[in-house]
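# Examination of the molecular architecture
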Amino acid sequence: MAVQAKMNQVQQRTNAAWIIIVASGVMAGLHIWKLAPALTVIQNELGFSLLFSGVLLGVVQVAGMAGGLAVSLLSEVISQRRTLILGLLLLVLGSALGAVAPSAPLLLATRILEGAGVIMATVMGPGLVRLHAPIRNLNMAVGWWAAYMGMATFIGVFSTALALQHLSWHLWWGILAFITLLPIPLIFKFVGADQPSGPAALREAARRIAITARAPRV
């Protein structure tokens, strides 16, 4: 059984797999950076304050700060690949609902949903890249993952600024929701399924997280 599991893991190591995982991380990062270029337009339409603008911009990072350890534990329960897919689906839902949000509080709620999606997708990235990248390309694959946020920042800011010259922000949010769906079938096709950890591994993961959370420096 263990030998067969190792054989399956070797079969999963393809360039297509890690490229799709990195692309999913970039796609998740776009939802962080799509807001900044559109903020003035949205603020004028929905009529919220400068303080609320700061909350909208920062709430995704708060979700990551508060939820990183919880997402790590979730991946032990449902597997890393499923956590990545769930994160992308939350981003799709958040962006689609944001496109039709009639008020600032509802838009904030969709940003919280997107924040949960971002942290689910990106916390899984390094582990999945290391699991699925061919050994000979592992350093290159990890390097590309390290650049995912930089790529997302550039693409997100540039594409949103360009798109809003021709489209409403509502339509752009909807387009990004649709684009975020695209990696999901590719993940099913090229990224091999990993098995959830058993109860013993789950308890050990929870113990490690508790130690981390209690550490004075943290």
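Refer to the structure printed above.
Residues numbered from 1 in each chain as written. Predicted model: local features only at pLDDT ≥ 70, side-chain atom pairs only at ≥ 80, totals over all residues. Heavy atoms only, no water.

This paragraph deals with the overall build of the protein. When helices and strands are counted, the protein shows 11 helices and zero strands. A globule of 218 residues ought to have a C-alpha radius of gyration of about 17 Å, and the protein, at 18 Å, matches this closely. Looking at the protein as a whole, 44% of its 218 residues are labelled buried. (Helix = DSSP H or I, 4+ residues; strand = E, 2+ residues; numbered from the N terminus. Rg over C-alpha atoms; globule rule 2.2 N^0.38 Å. Buried < 20%, exposed > 50% of the residue type's maximum accessible area, 1.4 Å probe, protein only.)

To continue, consider helix α4 (residues 50-78). For α4, spanning 29 residues, the distance from its first C-alpha to its last is 40 Å, which sits close to the expected 42 Å at 1.5 Å a residue. Within α4, the axis deviates most sharply at G67, by approximately 55 degrees. Of the residues trailing α4, S79 is marked for its positive phi of about 95 degrees. (Expected span 1.5 Å × (residues − 1). Bend = angle between axes of the 7 residues up to and from the residue.)

Our next topic: the nonpolar core. Proteins that are soluble and globular tend to have nonpolar side chains buried together. The biggest cluster of nonpolar side chains holds 53 residues, and the ones touching the most others in it are I42, F48, L56, L107 and W173. The residues contacting W173, other than those within four sequence positions of it, are K34, L35, A38, I42, S95, G98, A99, L107 and E114. (Core = buried A, V, L, I, M, F, W, Y, C linked by side-chain atoms within 4.5 Å. Contact = heavy atoms within 4.5 Å.)

Across all of its chains, the model carries two salt bridges by this definition. Linking K34 and E114 is a salt bridge whose minimum nitrogen-to-oxygen distance equals 2.7 Å. In this pair, K34 is assigned in the loop between α2 (15-33) and α3 (35-46) and E114 in helix α6 (residues 104-132), connecting sequence segments 80 residues apart. Side by side, K34 and E114 carry an identical accessibility label, which is buried. Between E114 and R111 there is a salt bridge, and its shortest N-O distance comes to 3.0 Å. With E114 and R111 both in helix α6 and three residues apart, this pair spans about one turn of that helix. One continuous salt-bridge network, built from bridges that share partners, spans K34, R111 and E114. (Salt bridge = Lys/Arg side-chain N within 4 Å of Asp/Glu carboxyl O.)

Look at helix α9 (residues 169-181) against helix α10 (residues 183-190): their axes get within 5 Å of each other, and the N-to-C directions meet at 10 degrees. In terms of their interaxial angle, α9 and α10 are classed as roughly parallel. From α9, I179, T180 and L181 reach across to α10, where they touch P183, I184 and P185. (Axes fitted to C-alpha atoms, helices over the stretch in contact; angles between N-to-C directions. Parallel < 35°, antiparallel > 145°, perpendicular 65-115°, else oblique.)

What follows concerns unusual backbone geometry. Backbone geometry follows two general trends: most residues other than glycine have a negative phi, and most peptide bonds adopt the trans configuration. In this structure, S79 is a non-glycine residue whose phi angle is positive, near 95 degrees. Relative to the helices and strands, S79 resides in the loop between α4 and α5 (80-99).

Those residues of helix α7 (residues 138-146) not exposed but buried are L138, A141 and W145. Taken end-on, α7 shows its buried residues confined to a sector of 65 degrees, consistent with a single buried face. The exposed set on the far side of α7, more than 90 degrees from its buried face, consists of N139 and A146. (Arc of directions from axis to C-beta.)

This part is about the side chain of T122. Within the secondary structure layout, T122 lies in helix α6. For T122, a relative accessible area of 10% gives the class buried. A polar contact of 2.8 Å, which involves the side chain of T122, links it to the backbone oxygen of V118. When near neighbours in sequence (up to four residues on either side) are disregarded, T122 contacts G25, A28, W145 and Y148. (Polar contact = N/O pair within 3.5 Å; in protein donor to acceptor, adjacent residues only side chain to side chain.)

Moving on: the packing of aromatic side chains. How two aromatic rings sit relative to each other is set out by the distance from centre to centre and by the angle between their planes. Scanning the entire structure with this criterion turns up four aromatic pairs. Note on W145 and Y148: the rings are 4.4 Å apart at their centroids and 25 degrees apart in plane angle, and the pair reads as stacked. The exposure class assigned to Y148 is buried, which follows from its relative accessible area of 13%. For the ring pair W169 and W173, a centre distance of 5.4 Å and an interplane angle of 85 degrees mean the geometry is edge-to-face. (Phe/Tyr/Trp six-rings, centres within 6.5 Å; stacked < 30°, edge-to-face > 60°.)

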